[in-house]
Structures are given as C-alpha cells and as structure tokens.
Amino acid sequence: MAEIALNIDGREVRVEEGVTILEAAKSAGIEIPTLCYHRALSPFGACRLCSVEIIRNGRSRIVTSCNYPVGEGLVVNTKSPDTIEIRKMLIELLLARAPKAKIIQDLAKEYGVEKTRFKIEDPENLCILCGLCARICEERMGVSVINFVNRGIERKVKTPFQRTSDANLDACIACGACAFVCPTGAIKLEDITKKKPIPIPSEFDIGLTSRAAVYVPFPQAIPNVPVIDRERCIHFLTDKCKTCEEFCPAEAVDFEQEDEIIEEEVGAIVVATGAEVMDHTQFSIYGGGVHPDVISTMQLERMMNAAGPTGGEVLRPSDGAHPKEVVFISCVGSRDKRTGTGYCNKVCCMVMAKQAIMLKEHAPDTHSYIIYTVDRGPGGKIFEDFLTRAEKVGTTYMRGEIDSVSRQDGRLLLSGKDFLTDETFNIMADLVVLATGLMPNEDAARLFQTIHISYDSKNYLLQAHPKLRPVETAMDGVFIAGCAVAPTDVPESVAQGGAAAEYVLKLFSQEAIEAEPMTSIVDITRCAGCLLCRQVCPFQAIEAETLRDGRTVASINESICKGCGICVVACRPGAIKLRGFDDQQVLAEVMTL
Amino acid sequence: MSVEYQPKVIGFLCNWCSYAGADVAGTSRMDYPHNIRIIRVPCSGRVDPLFILKCFQRGADGVLISGCHPGDCHYTDGNYHARRRFALLREFLDYLGINKERLRLEWVSASEGQRFADLVSDFTTELANLGPRSGI
C-alpha cells in the first residue's frame, strides 16, 4: 500500500494509506485521549474525546481522529486551544453522566476540570455509551448478546428484552469480553447472563490461578513464545475473535498452524521423559479435592515463589489468610499404605523439609508438622543435615498416620495415630500440604512401545541391568536418564543424563559399529529353496538368491538379521543355523539331563 | 512321610524378557525351586519342537517355554510363532503318552521376577504331584 506523509503537531509522520489519524499519531508516539477506541474493533466515534483539529486546503476543522482517515499533506494539531476546550467540555459532560467512573475522574484531573456544570441524572451510573462492549460482543465474539436499546436520553446497553436471559437459552458464552473492555466498569457479567465464566486453570501454577487461551506455557519455556489453546480459544470455537492478531505488531499469530511430523534419522536416542506429580485432589482421604485448604507441595512451592501467583506470599486458598499451623502429610501416593504404590519417591521428604524451613523464613510465627509413616527422610550426608536444620527451626516431626481431615470453625481438624506412642492425636491446622508422589508421564508407555524398549507394570523404564548397566536399555543405541526409570532426585538425574550423553559419544566415536555375531546362516547345499524362512522373518533379512546352477536358495543379509532364530525352526531341511544357538549347541544343554 | 518327588524341569527362556525376569528374581533374592534348569534362547520363537521332545526323551518331567508378553516381542512376533507351535505340539504330546500338563508356555516380562518365581514354584509343585513320568 502506498505510504503517505502528514504533519501531526509539527512533526512529519509517514504512515500507510487508509489508517486513521489516531493510529498515525499512536505510531508516532503522540497520545490522543480516547474512551471508545479499541485496536481490534471498528471505529465508533462515540466518546469524541479523540477530537483533533485538522487543516486542509487552508481551512481548519475539528474531527474525531479515531475514524478520520489520513490524507497526503494533512496537518493535524492534537493540542490546539480549540481542541483542548472541546475536550474539557466533553469531560464535563461525561462527568455528569458517570461521576464515579475512575477513568473519567482521572481525565478531569489531567485536563484541570474540577466539576461539571451539568445536572447529574444518576450519580451511580457508570456507562458512558462508548459501545465497546456491544462491538466486541458482535464483531469479535460473534454472539451479539448485548447492544444499545432505545434512543436519545433513554439509550442503554442491554440484553434482548432487557432481561438477564435464562442460562439454558442463553446465547451468551460468558466469555467476559464485554466486562473486560468496559473502560468504566459499568458492565457486570452477572447482569448479562446467569452463566458463570469457567476459568482455565493454569497448568504451571497447578490451578492456583487461571490463564488466557493464548499464553506462554511457563516462564523460561523453550521456545519462549505464546501458544493458542485450541480447545478454549474463541476463534476455534466460534470462528470469530482473532483479537490477538490485531495486537501482535510482528504479525506472528497464525491460526492455520498445524502439528507437524518431523522425521529425522538418528544414531542414538536418550529417553528422558521424566515424571509427573500426582494430582493431590484424588486423595480425598486426606481432604485433597474436598477442602480448598488442602494443597500439594507443588502448589505451596508456587506460592512461595516470588514470581508465583501470590507474589511469594503463602495464603490459604479459602480466605487468603496467612496460615499459622501447617501440617505436611508425607508419602501420599507413594509409601503410604492407603494411597500409595508401595515404594519411596525419594524427593518428597526433602521438599517438605525445605518448605518447612522456608515457611518459617516467610513468617516466623508459622509452625509446621511433618507427619511421616516410615522414615523422616532418605538419610545420607547432606540430607541428614538438612532434616536436622528443619527440626532446629521448630518443625515437629511425628511418626504416624492421619485418619481423617475435616473442616471445623474455618480450620482443618486432623485426627490420626502416633506410631511411637500408639496414641491418637488431633491437630488443628490452617493449611494441610500433601507431599504427593511421582508417576510416569501419561503417554510414556506409548513412546516406549514405539521404540521397543521394556517398561514395568508401573510404566517406568527397565534398565539393561539395574546395577551394572543403569543408563542403557536392552535396545542398542537407546539410553535412559532421570525419572523415566524411577523417581529420581536432581543430582542423580544430572549424573544419569551425563552418563547417557557419554554413552552416546562412546557409540559415535567408534570407527565401526559392532554388531551381534549371533546371526543366521544358510547352508546352500541343504536349502530346498522353499523360502518359508523369508515369510517368517520379522526383519525382511532373507531374500531369494539364484545360484549359478539355476537353483533358488535363501540368502540372509547379516547386517539386517537380528538373530531371533525364527527361521531356523521354520526351516524344514534344517539348512539354517543360528550362530551361538544352533541345534547342536542347544541340544548339548538338554543332553546334560 | 515319603520324600516328595523332585521333578526335573527344563525352562527355555527368551533372552529379552523371561531370562531377564529370571535374572530379576535372582538379583532380588527371591526363592524358587532349583528343579528348573534354564536354557537361554534368543527368542521363544527359536524353540524348536524337537528341543522339547528331546527334553522329554532325556527324562525331563516338565518343559517350560517362556517369552515376552504378546505385543512385546523384541523381534516383533517371535512369541506368536512360539504360541502356534506350542498349540500343535501340546495336542501331539497326548499321542506320545505324555500328559500335556507337563508342557507349559507362559509370558514373563523382564520386570516380572516375582511372577517367574511363582510360576516355577507352581509348575514344580504340579509336576511333583504328577509324579514320575511315563511315555517316551
């Protein structure tokens, strides 16, 4: 498109043809006040605050900059005395219409308007009839649930027939866009629909906050770019919206992008699929998913993080109060008899000890209990020091189990049994933290099947040997590291990762790959050429070969043959021999009976 | 009380699953009868019916063939070949005058050490109850 030049406040501004004065001014960094303009919506010219003075052909005019297109040689003055006067008048009128609106009070202060000369009809009114809500509902959300009704002084924004429609018949999708764009806070979602907006829980903050449909999965994500949640994005639901596209200056939003299958040939694979933390809401026996103040160690971790949803403050989800008494329950979903898988997850004890220490640092009047069933911690050089430190800051370690968690007077009552004294106890707590165990990723087993490596009944990977070959699998060239094998802590994962990388380098630095010598060979003098072997070979390693005398025999490609021996059994004349496992060798073992 | 009959059992175990499973049973120090003599084969599909008959001929009381669970074969489908051969051979054993309960095919994965130990105990007890073998 052609570029044109215009003059705004004495500066030459070059913009593309077809944009409005307001957009041109914005691109030049010149601010023009407006209440009804939205980048993603059609200009409306309702608030008139964006009025500017233009000079064309030597004649001066006042126009609304939000819907006046630029022209070659246009001279614009955004701060002329006439413009300022007009804006002041508009602010007075707006102040009479919505005296309590914060944004208008701020504007009045900025322009030195102290009070309005006009009659205030309704001191509680906030709506300034900018039409942003109606436009976003129609143009972007594509539902048109609200619009203007009546005319003149009766004009209002309403739903059809001015009623909060029945939730079941409602076209409103409760997206909340109207309330979001409203500059004065006049729109309340509950006035429009009985439907409740459904927040999208943030995966990274484990449901402590909600996120948008277009979001960066977590800080430091690689690549650190936003993604679109297709299940929730309005564009994918109604084929409308695309608001984000309007705001992206790099024009990087692409709604057509599809998942791609990228094929690569590789020489080795390191499987480091990690593990997931179990969802604490499934452990209702400890109040998980029942009481809001029963949270997981991961949630507490996010709360204690300065960049987390609460800015580093530990707050009870139910009322936002600072908890004084905190109870940690260990081994949930791991070693605990009632909820567990029966083995230690290695990381939870240290997480609890760290969090108990940090809670004390956050608020010195916090007292933590750690209820453990078997061991206080995993032992070892550094770990023991750390556990002692947790005890020194006043953490109460109790060996026992919790039988019930119930709500009483806004707090949580925990009843349990102390294993050491064999007596029952009750603890009143403000916050209960479940140290939930780890489990393999949901689709880990599918991946393991794809690359033909063995895994156990809990979907953890199997090592080639648990002691001597801990980062190798039975499959050549496939190595493993971290929680894909079993719950593993950080130093161990780092060591395994390093070892796996080293194994790959060892493999790659060889001049030639050593293959198993256990392959099948054909004795062509005995082969009848039936090629039954070719049919049963799972690797297509057997082909027909025509000899000089015209006979057809089977021929085995030794670099493809994996040495399973299926062809040996299938061979009726007994012409195929599997090196290392030929009939004589196996039978020799049998003959020792 | 008479001394319980100690049967001789031969186990053909595939290298990738059952042999590793037996290894797990061993490294985990699980108890199972020492009546079984394990012969390692690359795949349960390598087990020739001839081997089994030879075992019985040499005086074995029972033969166990064990491989990866269906779908888990290291060589894609070797265990399916084993399963078909087993089905045929088992019917043939009656003709030879051998109780077909003396031949078993079981799937044991590399992680199922306990399953392997239980299986061997169960098979040995069953063979002990059957007593010395007649037939070939």
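Residues numbered from 1 in each chain as written. Chains lettered and ligands numbered in written order. Predicted model: local features only at pLDDT ≥ 70, side-chain atom pairs only at ≥ 80, totals over all residues.

**Thoughts on the overall build of chain B**
Next, step 1: The secondary structure content of chain B amounts to 4 helices and 4 strands.
Next, step 2: Moving toward the C terminus, one meets the helices and strands of chain B in the order β-α-β-α-β-α-β-α.
Next, step 3: Against the compact-globule benchmark of 14 Å for 136 residues, chain B has a radius of gyration of 14 Å, which places it among compact chains.
Next, step 4: For chain B, the spread of C-alpha atoms along the three principal axes comes to 40 × 35 × 20 Å.
Next, step 5: A buried classification covers 52% of the 136 residues belonging to chain B. (Helix = DSSP H or I, 4+ residues; strand = E, 2+ residues; numbered from the N terminus. Rg over C-alpha atoms; globule rule 2.2 N^0.38 Å. Buried ≥ 20, exposed ≤ 12 C-beta atoms within 10 Å, placed from the backbone.)

**Brief notes about the nonpolar core**
Next, step 1: L461 and I480 of chain A are the most contacted members of the largest nonpolar core, which has 88 residues in total.
Next, step 2: The element best represented in this core is helix α4 (residues 113-130) of chain B, accounting for 6 residues.
Next, step 3: Sequence-distant contacts of L461 of chain A, that is, excluding residues within four places in its chain, are made with V271, F448, I453, Y455, T473, I480, A484 and V485 of chain A.
Next, step 4: Membership of the second largest hydrophobic core comes to 52 residues, among which are I91, V113, C133 and I187 of chain A. (Core = buried A, V, L, I, M, F, W, Y, C linked by C-beta atoms within 7 Å. Contact = placed C-beta atoms within 7 Å.)

**Focus: the sheet that holds strand β14 (residues 294-296) of chain A**
Residues and elements named next belong to chain A.
Next, step 1: With mixed pairing, 7 strands are arranged side by side in an open sheet as β14-β20-β15-β16-β17-β18-β19. Only two strands of the sheet have a single partner each, and these edge strands are β14 and β19 (424-429). Each strand of the sheet is rotated relative to its neighbour by a mean of 35 degrees, with strand direction disregarded.
Next, step 2: Here strand β18 (residues 411-418) runs beside β19; their pairing, made up of 6 bridges, is antiparallel. Bridge pairing links L413 to M428 in β19.
Next, step 3: Lying on the sheet, helix α9 (residues 297-304) is in contact with β14 and β20 (431-436); it crosses β14 at an angle near 85 degrees. (Pairing = 2+ DSSP bridges. Axes fitted to C-alpha atoms, helices over the stretch in contact; angles between N-to-C directions.)

**Focus on the interface of chain A and chain B**
Next, step 1: Listed as interface residues are 26 residues of chain A and, on the opposing side, 26 residues of chain B.
Next, step 2: Residue assignment for the side of chain A that touches chain B shows that the elements contributing at least two residues are α15 (566-570) and α16 (583-591) of chain A.
Next, step 3: In terms of residue class, the side of chain A that touches chain B is made up of 17 nonpolar, 5 polar and 4 charged. (Nonpolar A, V, L, I, M, F, W, Y, C, P; charged D, E, K, R; others polar.)

**Quick notes on the domain arrangement of chain A**
Interfaces are often sized by the accessible area lost when the parts come together.
Residues and elements named next belong to chain A.
Next, step 1: For chain A, the assigned domains read domain 1 (3-110), domain 2 (132-192), domain 3 (200-247), domain 4 (278-431) and domain 5 (520-591).
Next, step 2: Spacing between the C-alpha centres of domain 1 and domain 2 amounts to 27 Å.
Next, step 3: Between domain 1 and domain 2, the contact holds 11 residues from the first and 8 residues from the second.
Next, step 4: In terms of residue class, the side of domain 1 that touches domain 2 is made up of 9 nonpolar, 2 polar and no charged. (Domains from an automatic or database assignment.)

**Considering unusual backbone geometry**
Among all residues except glycine, the phi angle is most often negative; among peptide bonds, the trans geometry is most common.
Residues and elements named next belong to chain A.
Next, step 1: Note the cis peptide between I222 and P223, where omega equals -5 degrees.
Next, step 2: Here P223 shows up in the loop between β10 (214-215) and β11 (227-228).
Next, step 3: One non-glycine residue with positive phi stands out, namely R48, at about 65 degrees.
Next, step 4: Locating R48 in the fold gives a position in the loop between α1 (21-27) and β3 (51-56).

**Points about the packing of α9 of chain A against helix α10 (residues 348-362) of chain A**
All names here are of chain A.
Next, step 1: Axis separation between α9 and α10 bottoms out at 11 Å; the angle between their running directions is 35 degrees. Classified by chirality, the crossing of α10 by α9 is left-handed. Here T297, L300 and M304 of α9 lie close against α10, whose contacting residues are C348, V351, M352, Q355, M358 and H362.
Next, step 2: Of the residues contributing to the contact of α9 with α10, the split by class is 6 nonpolar, 3 polar and no charged. (Left-handed = near helix turned anticlockwise from the far one by under 90°.)

**Comments concerning the pairing of strand β1 (residues 3-8) of chain A**
Residues and elements named next belong to chain A.
Next, step 1: Pairing geometry for β1 and strand β2 (residues 11-16), over 6 bridges, is antiparallel. Within the sheet, the bridge partner assigned to E3 lies in β2 and is E16.
Next, step 2: Hairpin connection between β1 and β2: a loop of 2 residues separates the two successive antiparallel strands, and D9 in this loop has a positive phi of roughly 50 degrees.

**Re the pairing of strand β1 (residues 9-14) of chain B**
Residues and elements named next belong to chain B.
Next, step 1: Most of β1 sits out of view: 6 of its 6 residues are buried.
Next, step 2: Here β1 shows no split at all, with V9, G11 and L13 on one side and I10, F12 and C14 on the other all buried.
Next, step 3: In terms of strand pairing, β1 meets strand β2 (residues 36-41) through 6 bridges, oriented parallel. Its bridge partner lying in β2, I10 is registered against R37.
Next, step 4: On the question of chirality, the crossover connecting β1 to the parallel β2 by way of helix α1 (residues 18-27) is right-handed.
Next, step 5: Relative to strand β3 (residues 62-67), β1 runs parallel, the two sharing 5 bridges. When the bridges of β3 are listed, L13 appears paired with S66. (Right-handed = clockwise from strand over helix to strand, strands pointing away.)

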